[in-house]
Amino acid sequence: MAHYADVLRSAVSKCKAADLESLLRQWGYLTVNELNQLDFSKSKACVVREVAKLCEEKNRKKETLERVNDFDLMCTVKYPTKRRWSMYKLIDKKAGTKENQMSDPVKFRKKLHKQIDLYFDSTASVSVTLQDGALFCRIYIQAGTNPKFMNSNTIYVIHYPHCQSIAISAFKVSIQNFLFQCLSNTFGYHTMGNMMLSGLHYKSLFQLAFNKIGETSCGRLKEVQNLPFMSRRKRKAEEMEREPNMRSEDEAMKRKRSLSLEDAFGSYEQPVLESLQFKVDVKFKGNKNLQNVPDKVEQFRCCVKFEGPSVLEGIRNLAKCGLANEPLPKHLLRVNSLGMNKFVLKNKDKS
Amino acid sequence: MTTRQKCPTPKNFCSTPLTANPLKSRLSQKSTAKRFTPYGKTPQSRRIAKAFPSTQGRRKVVRTKSKGLSNSNTESEELKGFTNKTWKVFKLSPLYKFSSSPRDLKRYGQLLSSSVAMANQKGIIEENNASGKAFFCVQQGVKKSQNDPDAIQILIKGRKHAGTTDTVLLTATLCGVEMEENLLSHDMENFTYYPVLLVKATVVLADVLITWLQRHFDCKVSPLVFPPVDLVWMIAMWSGALADTGHKNKPVELIYLVPSECEGIKKVTYTIQAEDCLKVWNSIHDSKAEMFTEEEMTTFISCLEEHFYCLFRIKLDAMQLSCVGTSLCYIGRDSLLKMT
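All figures in this text were calculated on a predicted structure; none of them were measured in a lab. Sequence order as written defines the numbering, with residues in each chain counted from 1. Working convention: letters from A go to chains and numbers from 1 go to ligands, in the order in which they are written. With the structure being a predicted model, the display of local features is reserved for residues of pLDDT at least 70 and the display and counting of side-chain atom pairs for 80 or more, all residues being used for whole-chain, interface and lining totals. The basis for every side-chain value is the complete set of non-hydrogen atoms in the structure, without hydrogens or water.

Caption draft 1: Highlighting the overall build of chain B. Secondary structure is summarised from DSSP: a helix means a run of H or I of at least four residues, a strand means a run of E of at least two, and numbering begins at the N terminus for each. If you tally the helices and strands in chain B, you get seven helices and 15 strands. When a residue's accessible area, from a 1.4 Å probe over protein chains only, is under 20% of the maximum for its type it is buried; when over 50% it is exposed; and in between it is partly exposed. Looking at chain B as a whole, 53% of its 340 residues are labelled buried. In what follows, residue pairs with any heavy atoms lying within 4.5 Å of each other are defined as contacts. Partitioning the intrachain contacts of chain B with sequence separation of at least 6 by distance along the chain shows that 66% fall at a separation of at least 24. Using a 1.4 Å probe, the Shrake-Rupley method yields the accessible areas, and only the shown protein chains count as cover for residues. In the form shown here, chain B has an accessible surface area of approximately 15500 Å², with 51% of it arising from carbon and sulfur atoms.

And the structure:
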């Protein structure tokens, strides 16, 4: 059936060709003989076609479909940064939820599948796996009556047990309500809310979400304990090279700056965010150079976006290089604990 | 007929970084002076042109555009081919013995086709466009004033390896619009000067075209890089350009590149609503005055950066402006141009 080939093709599209063989071995659905038959020196597309043919020959339609879906999930787990994840908060815990179910993939799968069947067609399929302490789920919901496999119908969900947030990949807006209801019931909560936090690196996203939810009244946690989210590496100490002939004029200032940065950002590496966006609607503040202060320019709407491999580290580096003056404004410093990467800055209402 | 134009001595000229850019957007302006650049405004259309101070005998030529709002619809039809496409901009030194007569253009087409076929055979071009044919024709509607040479459009049609019909693989336009002066001097009778070449094609095909042009007309083609100063002029001039006409304005976008010592952030995008931008500009520049001065321009950009500094305490003026977008066009520093 062409169905297997489509799923396999989309699964393999994000993988590196070199890893394909090890992934197939890890999958374990093809026998050793069959694996030896495959020629891995050919292109990915050729290998996928052969695998699809082998799957069809097995003639066990339902089981094969399940195993192929599992393979897709395995590939996603191996390459999570190829997808964009959005974070959602679970709100209002229901009484009597059994937390231990969350750590067992088989039981969780049954529960999730039951919920999905309630809200969606019974043709939906669910796969669950456990990796690095997190539950990875793949949900495929058929759209309408079209039996063709569409990549956009696949939703991936990541959840750390006992954590109040989940990461979901892109999904269609039309199914949002049902999906949310379904997921909140499975996890034992009443509703879900958007956290306005998204990115490619799911571990950092979970760290940021945890920082926000775990904020106590005592203030921001600067030194965080060892959590499964991120390997909390201490930032490399800045080496001040001391050559005998070189003199640095502003050493005192540099030292003071690095101390204040360490105070503000902590000594651990910042979570990885690819973009940070601010929508600003405040009074125009560039009046310093203008001779005739404009009365008409009241509200100045603009949108600022910082992009890069790791924006939070970058902000710290901006201050270190001198491109930004200290003290940095609170909305830049506190991104770590605010748990969002899309902000709206507005004038405080005077009323 | 070969256009006979004058230009200063070749030595000086070839080293001229020309920023002549006949963007057929609806603005054009003229300017002549040295330190501050007066910009004249005509009542119907805002015309923008640039001339920069001549330093060491170098002269940057005016960039002109004309607004075709009130004029014929046919003109805007022809110019539509320029809009909504991303062009790569190149500057050229004068072409030797280039003529725009139909017979010559046909000959050029054949020569270029054979050049493309040869490149194809060498395996440089990946797509199997065995039927790559080049066409040269005079493009109507681009030439504005007497001094302008006839705009030439170059098309290379071919077949991509998967397709069955001929598609246009390369579109290029050699043009100059509302050029102020005859830059070619008396001695250079065989030269034709086109300030700008706009190309839309794959890199490989564009390279083939450029090599062919360089070889046949003994000229030098190089990408036209817009320095940040020019980009700032562009925002200052066009940020509020369409504000009065009731079109929904695209916001004014400035993209700054963060220097590489600062790891982690690659670029900062600063997008401003067009109306607010125009308000600030109007408070700096008296709308009745005919000239845009350099002081006004620097004040404008420093106001915007000051506002940013008050919000984030990040110094934008220490970063490099790399791309600029207004509702009229989007210009990137590495020679990309998109007109709307």
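Caption draft 2: Representation of the pattern of salt bridges. What counts as a salt bridge is simple: a side-chain nitrogen of Lys or Arg found within 4 Å of a carboxyl oxygen of Asp or Glu. A full pass over the atoms with the stated rule returns twelve salt bridges over all chains. A salt bridge links E21 of chain A to R25 of chain A; its shortest N-O distance comes to 2.6 Å. With E21 of chain A and R25 of chain A both in helix α2 (residues 20–27), this residue pair falls four residues apart, about one helical turn. Under the relative-accessibility criterion, E21 of chain A is labelled partly exposed at 30%. When its relative accessible area of 41% is taken as the criterion, R25 of chain A is described as partly exposed. D276 of chain B is the partner of K279 of chain B in a salt bridge, and the nearest nitrogen-oxygen pair spans 3.8 Å. Of the two residues, K279 of chain B and D276 of chain B are both situated in helix α6 (residues 274–284); the distance of three residues between them amounts to about one turn of the helix.

Caption draft 3: Layout of the pairing of strand β2 (residues 125–131) of chain A. All names here are of chain A. Think of it this way: DSSP has to see at least two bridges between two strands before they count as a pair. One ladder, built from seven bridges, connects β2 with strand β3 (residues 134–140); its direction is antiparallel. Residue pairing across strands places Q131 opposite A134, the latter belonging to β3. In sequence, β2 turns back onto β3 through a hairpin of two residues, with D132 there showing a positive phi of about 55°.

Caption draft 4: Main features of unusual backbone geometry. Residues and elements named next belong to chain B. At D218, a residue that is not glycine, the phi angle is positive and equals roughly 50°. With respect to the helices and strands, D218 occurs in the loop between α4 (203–217) and β10 (221–223). Its relative accessible area of 62% is what places D218 among the exposed residues. Backbone geometry places R313, a non-glycine residue, at a positive phi of 55°. On the secondary structure map, R313 appears in the loop between α7 (294–312) and β13 (320–325).

Caption draft 5: Layout of the packing of aromatic side chains. Each Phe, Tyr or Trp ring (for Trp, its six-membered ring) is paired with any other whose centre lies within 6.5 Å, and the angle between the two planes then decides the class: stacked below 30 degrees, edge-to-face above 60, tilted in between. Applying the stated rule across the entire model yields 20 aromatic pairs over all chains. On the numbers, 5.4 Å between centres and 50° between planes, the contact of W27 of chain A with Y29 of chain A is tilted. Classification of W27 of chain A by relative accessible area gives buried; the value is 6%. By relative accessible area, which is 7% here, Y29 of chain A ends up buried. With a centroid separation of 6.1 Å and 90° between ring planes, the pair formed by F120 of chain A and F178 of chain A is classed as edge-to-face. One end of the pair, F120 of chain A, is in the loop between α6 (105–119) and β2; the other, F178 of chain A, is in helix α7 (residues 176–187), with 58 residues separating them in the sequence. According to the relative accessible area criterion, F120 of chain A is buried, its value standing at 12%. An aromatic cluster of at least three residues, connected via ring pairs, comprises F278, F306 and F343 of chain A together with Y270, F308 and F312 of chain B.

Caption draft 6: Layout of the packing of α2 of chain A against helix α4 (residues 44–58) of chain A. All names here are of chain A. Angles here are taken between N-to-C directions and fall from 0 to 180 degrees, while the axes themselves are lines fitted to C-alpha atoms, restricted in helices to the stretch in contact. Contact pair α2 / α4: the axes reach a minimum separation of 12 Å and the direction vectors enclose 20°. Comparing the axis directions of α2 and α4 gives the class roughly parallel. Crossing of α2 over α4 shows right-handed handedness. Every residue of α4 that contacts α2 at L20, L24 and W27 is listed here: K44, V47, V51 and C55. Side-chain classes follow a simple rule in which Ala, Val, Leu, Ile, Met, Phe, Trp, Tyr, Cys and Pro form the nonpolar group, Asp, Glu, Lys and Arg form the charged group, and the remainder, Gly included, forms the polar group. Considering only residue class, the contact of α2 with α4 consists of six nonpolar, no polar and one charged. Here roughly perpendicular refers to angles of 65 to 115 degrees, roughly parallel to angles under 35, roughly antiparallel to angles over 145, and oblique to all remaining angles. The handedness criterion is simple: a crossing whose near helix is rotated anticlockwise from the far helix by less than a right angle is left-handed, and one whose near helix is rotated clockwise is right-handed.

Caption draft 7: Focus on the nonpolar core. Among buried residues, the Ala, Val, Leu, Ile, Met, Phe, Trp, Tyr and Cys ones that are joined through side-chain atoms within 4.5 Å form a nonpolar core. Residues F306 of chain A together with Y270 and F312 of chain B are the most contacted members of the largest nonpolar core, which totals 90 residues. Beyond its immediate sequence surroundings of up to four residues, Y270 of chain B is in contact with F300, C302, C303 and V304 of chain A together with V252, E253, L254, L304, H307, F308 and L316 of chain B.

Caption draft 8: Representation of the sheet that holds strand β6 (residues 189–199) of chain A within the structure. Residues and elements named next belong to chain A. Spatially, six strands are ordered β2-β3-β4-β5-β1-β6 in an open sheet, and the strand pairing comes out antiparallel. Taken across any chain shown, the strands that pair with only one partner, and hence form the sheet edges, are β2 and β6. Neighbour-to-neighbour, the strand axes of this sheet turn through a mean angle of 25°, independent of strand direction. Strand direction decides the pairing type here: strand β1 (residues 85–93) and strand β5 (residues 165–168), joined by four bridges, are antiparallel. In the sheet register, S86 faces β5, and the bridge partner there is I168. Packing of helix α5 (residues 61–78) onto the sheet brings it into contact with β1, β2, β3 and β4 (154–159), and relative to β2 it is tilted by some 40°. Packed onto the sheet, α7 meets β1, β3, β4, β5 and β6 and runs at close to 115° relative to β6.

Caption draft 9: Structural detail: the side chain of E274 of chain A. Residues and elements named next belong to chain A. Its location among the elements puts E274 in the loop between α9 (251–265) and β7 (275–283). Buried E274, no salt bridge; nearest opposite-charge side chain is R84, N-O distance 4.9 Å. Within the structure, the side chain of E274 is placed 2.8 Å from the backbone nitrogen of L200, a separation counted as a polar contact. The residues touching E274, leaving out its near neighbours within four places in the chain, are G199, L200, H201, F306, E307, G308 and V311. In this charge count, Lys and Arg are treated as positive and Asp and Glu as negative; neither His nor the chain ends contribute. Under the rule applied, a polar contact is a pair of N or O atoms within 3.5 Å (in protein, one hydrogen donor and one hydrogen acceptor; residues adjacent in sequence only if both atoms are side-chain atoms).

Caption draft 10: Layout of the environment of T326 of chain B. For T326 of chain B, the position within the fold is in the loop between β13 and β14 (329–332). Here the alpha-carbon distance between T326 of chain B and A274 of chain B, two residues 52 residues apart in the chain, equals 8.0 Å.

Caption draft 11: Examining the interface of chain A and chain B more closely. In this complex, chain A contributes 44 residues to the contact, which on the side of chain B involves 38 residues. The three residues of chain A that bury the most area against chain B are F300, R301 and L323 of chain A, which together make up 19% of that side's buried surface. Viewed at the interface, chain B and chain A are joined by three salt bridges. The interface formed by chain A and chain B includes 14 residue pairs in polar contact (both at pLDDT 80 or more). If one sorts the elements of the side of chain A that touches chain B by residue count, strand β8 (residues 299–307) of chain A sits on top with nine residues. Here the side of chain A that touches chain B is composed, by residue class, of 24 nonpolar, eleven polar and nine charged. Here β8 of chain A pairs with strand β12 (residues 267–272) of chain B via six bridges, running antiparallel. The residue bridging F306 of chain A from the neighbouring strand is V268 of chain B, located in β12 of chain B. Summed over both partners, the accessible area lost on bringing two parts together, with a 1.4 Å probe, is the buried area.

Caption draft 12: Looking closely at the packing of α9 of chain A against helix α10 (residues 311–321) of chain A. All names here are of chain A. Where α9 contacts α10, the axes come no closer than 10 Å and their chain directions differ by 160°. The orientation of α9 with respect to α10, classified from their angle, is roughly antiparallel. Viewed along their axes, α9 and α10 form a crossing whose handedness is right-handed. Of the residues in α10, those touching α9 at R257, L261, E262 and F265 are L312, I315, R316, A319, K320 and C321. In terms of residue class, the contact of α9 with α10 is made up of six nonpolar, no polar and four charged.

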